[in-house]
Amino acid sequence: QVQLVESGGGLVQPGGSLNLSCTASGSLASVAKLGWYRQIPGRQREWVGDVTSDGEPAYATAAKGRFTVSRDNAKNMVYLIKNTLEPEDTAVYYCNAITVISGNYKWYWGQGTQVTVSS
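Residues numbered from 1 in each chain as written. Predicted model: local features only at pLDDT ≥ 70, side-chain atom pairs only at ≥ 80, totals over all residues. Heavy atoms only, no water.

Caption draft 1: How the structure looks around the environment of Ser-102. Residue position: Ser-102 is located in the loop between strand 9 (91-101) and strand 10 (104-109). Here Ser-102 falls in the exposed class, since its relative accessible area comes to 74%. Taking the C-alpha atoms as reference points, Ser-102 and Gln-1, separated by 101 residues in sequence, lie 15 Å from one another. (Helix = DSSP H or I, 4+ residues; strand = E, 2+ residues; numbered from the N terminus. Buried < 20%, exposed > 50% of the residue type's maximum accessible area, 1.4 Å probe, protein only.)

This is the structure:
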């Protein structure tokens, strides 16, 4: 079992910075990836990016160059950063963990944190 808790959401003005944190706990030895999804109102949940236990990041095409996902293995945390927020970035952001045990993959989710970009 893996538990994920996001923090850092809230109301942000356009042009402001996004800096979300996610703390993982539980059976962490099997966690292969930590990353982020988001769900924009009226749209399906979409992948933003993730990072492997080796520190290798990967991003959705639309997110590449706009978002940064980083991971601190010592703290069991993953971060999501964007320097310049836009109103269309308003969404619920979810932390995601993928575990691999004997070749079997399982997905875990945080509760989500609301990010609202508005003046």
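Caption draft 2: Looking closely at the packing of aromatic side chains. Taken as a whole and assessed by the stated rule, the structure comprises 3 aromatic pairs. A centroid spacing of 4.9 Å and a plane angle of 75° characterise the contact between Tyr-37 and Trp-109, whose relative ring orientation is edge-to-face. Note that Tyr-37 is positioned in strand 4 (residues 31-39) and Trp-109 in strand 10, a separation of 72 residues in sequence. Judged by its relative accessible area of 35%, Trp-109 falls in the partly exposed class. Seen from their ring centres, Trp-107 and Trp-109 are 6.2 Å apart, and the 25° between their planes marks the pair as stacked. Here Arg-45 stacks its cationic end above the ring of Tyr-94, 3.7 Å away from the centre of that ring. (Phe/Tyr/Trp six-rings, centres within 6.5 Å; stacked < 30°, edge-to-face > 60°. Lys NZ or Arg CZ within 6 Å of the ring centre and 35° of its normal.)

Caption draft 3: Structural detail: the environment of Gln-1. In this structure, Gln-1 sits in the segment before strand 1 (2-7). Residue classification places Gln-1 among the exposed residues on the basis of a relative accessible area of 63%. Taking C-alpha positions, Gln-1 is 22 Å from Ser-70, a pair spaced 69 residues apart along the chain. Ignoring sequence-local partners within four residues, the contact set of Gln-1 consists of Ser-25, Gly-26, Ser-27 and Tyr-108. (Contact = heavy atoms within 4.5 Å.)

Caption draft 4: Region of interest: the side chain of Ser-30. Along the chain, Ser-30 falls in the loop between strand 3 (18-26) and strand 4. A relative accessible area of 17% places Ser-30 in the buried class. Among residues more than four places away in sequence, those in contact with Ser-30 are Ile-98, Thr-99, Val-100 and Ile-101.

Structural measurements only, silent on function.
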